[in-house]
Amino acid sequence: RQVALKVKVLNALYSTRILAVNVVADHIAGLTEIDSLLSAGSAEAVDLIANVQIKARRFCFYSFASKYCNWHNPSAYPIYDRNVDAYLWFNRAQVPMPFLRQDLWDYREFVRVVTAFRRFSGLDSVGFKDLDKFLFSEGDKLMPKLRLEAEHEAAAG
């Protein structure tokens, strides 16, 4: 019941659009090693939580999984979502390591990119929770511009 409540609250709080919240909660509750992985800050926790089978289909709730882990161990788990992705990709010159867009969908790589961005920006003392808020907010500001650019590219191509 505790896991189901967390899933429902996070789903509502972050608008993660998970319709089968009870199935996801049962999935998480069935992960016997999840508590030790969360305590250790293991990226494996995100992978295990994200990959859920609902009926005959497999789903990847990657963004939700990063948020769930962040709420358990905010110093170890930065939050991934489309706004953060957009901001990091748009500002990739401010990350002192090359990365591909799809690297942001591999949680281990995502953590490396966020950590490198934080270090390069002189924000080592800023925790992931505060950095997440910044990245989300700035990414949200970029979204209309990126949508417009995508529409122009589609129209030209």
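Just above, that's the structure.
Residues numbered from 1 in each chain as written. Predicted model: local features only at pLDDT ≥ 70, side-chain atom pairs only at ≥ 80, totals over all residues. Heavy atoms only, no water.

Participant: Talk me through the pattern of salt bridges; I want residue IDs and the actual numbers.
Facilitator: The full count for this structure, using the stated rule, is 5 salt bridges. The salt bridge partner of Arg 101 is Asp 85, with a shortest N-O separation of 2.6 Å. Here Arg 101, found in the loop between α6 (82–90) and α7 (107–120), pairs with Asp 85, found in helix α6; they are 16 residues apart in sequence, far enough to count as distant. Judged by relative accessible area, which is 35%, Arg 101 ranks as partly exposed. (Salt bridge = Lys/Arg side-chain N within 4 Å of Asp/Glu carboxyl O. Helix = DSSP H or I, 4+ residues; strand = E, 2+ residues; numbered from the N terminus. Buried < 20%, exposed > 50% of the residue type's maximum accessible area, 1.4 Å probe, protein only.)

Participant: Account for helix α1 (residues 2–14), with residues named and values stated.
Facilitator: Since there are 3.6 residues in each turn of an α-helix, residues three or four apart along the chain are aligned in direction. In this model α1 runs 18 Å from its N-terminal to its C-terminal C-alpha over 13 residues, within 8% of the 18 Å that 1.5 Å per residue would give. Taken together, the buried positions of α1 are Ala 4, Val 7, Leu 10 and Asn 11. Viewed along the axis of α1, the buried residues span an arc of 135°, placing them on a single side of the element. The exposed set on the far side of α1, more than 90 degrees from its buried face, consists of Gln 2, Leu 5, Ala 12 and Leu 13. (Expected span 1.5 Å × (residues − 1). Arc of directions from axis to C-beta.)

Participant: So what's going on with the pairing of strand β2 (residues 57–60)? Which residues, and what values?
Facilitator: For strand β1 (residues 51–54) and β2, the ladder comprises 4 bridges, and the chain directions are antiparallel. Bridge pairing in β2 places Asn 51 opposite Cys 60. The hairpin formed by β1 and β2 contains 2 residues between the paired strands, and Lys 55 there has a positive phi angle of roughly 60°. (Pairing = 2+ DSSP bridges.)

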